[in-house]
Amino acid sequence: MGRKVALALGEFYHLYNRGVEKRIVFTNKYDYDRFLSLMYLCNTTKYVDAREQGGTLQKAYRTRGGNRIVDICTYCLMPNHFHILIKEMAEGGASKFMQKLTTGYTMYFNKRYKHTGALFQGTYKSSHANTDQYLSYLIAYIHLNPVKIIEPNWKKDGILNLQRAEMYLKEYPHSSYLDYLGKTRVHNCIINKSALPEYCSTPQDFMESVKTWLSPKV
């Protein structure tokens with residue numbers, strides 16, 4: 001689904017994009033770390049200094065200023081695409097955030113890998129989480145995305161080995177899944193968990209919410 005209407009203040013949106021021709025956009029840990037650092041740095045009214053883009057997430061946490069323009073609620077980075085669930089906090093905040101994020105990462109990627117041209121498939125896509133049920137589904141769907149690495153047909157057939165899938169998710173570092181489980185790590189600074197409904201307020205509530213979608217219906 002492409003963007004057809006302006007995003008509204010206080011509403012939740014699923015933002016996503018993938019590499020051109022489904023190309024790999026995250027090739028190693030350093031690439032993932034750079035994108036996560038930019039997610040934090042670009043979520044501000046402050047201009048993002050190009051020199052700061054080369055830092056780690058820990059450095060970004062110490063240097064970012066300004067007010068948030070979106071609440072980043074959940075995210076998941078996959079080898080050739082990404083998913084981000086946000087709540088619009090400032091007029092045009094999502095568009096500004098995504099423009100800074102994808103431009104900054106494309107500049108980094110092209111320089112590092114001597115690539116030219118577009119990295120992502122045009123303008124990011126979005127869907128409006130306009131019901132509580134759809135919002136709950138998106139929270140689960142985004143966090144369950146890594147399962148396709150070990151079970152490529154999980155969307156169609158459901159998750160065949162739930163224990164294996166749960167263990168894999170607990171070891172996957174490139175999403176906010178571990179943060180909602182209560183793990184202490186610097187990545188917590190990227191998201192605002194309080195922006196989501198109460199069913200994600202504790203690790204137990206979060207897990208119960210996600211488990212309701214661990215079926216062939218997902």
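Thresholds applied
Throughout this document, residue positions are counted from 1 along each chain, in the order its sequence is written. Under the rules for a predicted model, residues below a pLDDT of 70 receive no local features and side-chain atom pairs below 80 are neither given nor counted, while totals for whole chains, interfaces and linings still include all residues. With hydrogens and water stripped out, all remaining heavy atoms of the structure feed into the side-chain values. Paired rings are identified among Phe, Tyr and Trp, the last through its six-membered ring, by centres lying within 6.5 Å, and are further divided according to the angle between planes into stacked (under 30 degrees), edge-to-face (over 60) and tilted (the rest). A helix here means a DSSP run of H or I that spans at least four residues, while a strand means a run of E at least two residues long, and both kinds are numbered starting from the N terminus. When a residue's accessible area, from a 1.4 Å probe over protein chains only, is under 20% of the maximum for its type it is buried; when over 50% it is exposed; and in between it is partly exposed. Charge-over-ring placement is defined geometrically: NZ (Lys) or CZ (Arg) within 6 Å of the ring centre, and within 35 degrees of the ring normal. Criterion used throughout: strands pair if DSSP finds at least two bridges between them. Orientation is described by axes fitted as lines to C-alpha atoms, over the contacting stretch for helices, and by angles from 0 to 180 degrees between their N-to-C directions.

Caption draft 1: Representation of the packing of aromatic side chains in the model. Tallied over the entire structure, the rule returns 17 aromatic pairs. An angle of 50 degrees between the planes, with centres 6.2 Å apart, marks the rings of Tyr30 and Tyr108 as tilted. A residue pair is termed long-range when its members are at least 10 positions apart, and Tyr30 in helix H1 (residues 29–41) and Tyr108 in helix H3 (residues 93–113) qualify at 78 residues. In this structure Tyr108 comes out as buried when scored by relative accessible area, which is 8%. Above the face of the Tyr180 ring, Lys193 is positioned so that its terminal group lies 6.0 Å from the ring centre.

Caption draft 2: Region of interest: the sheet that holds strand E2 (residues 70–78). Here four strands make up an open sheet; going across it, the order is E2-E3-E1-E4 and the pairing antiparallel. If you trace the sheet from one side to the other, it starts and ends with E2 and strand E4 (125–128), each paired once. Ignoring which end each strand starts from, the neighbouring axes of this sheet average 20 degrees apart. As paired elements, strand E1 (residues 12–18) and strand E3 (residues 81–88) share seven bridges and run antiparallel to each other.

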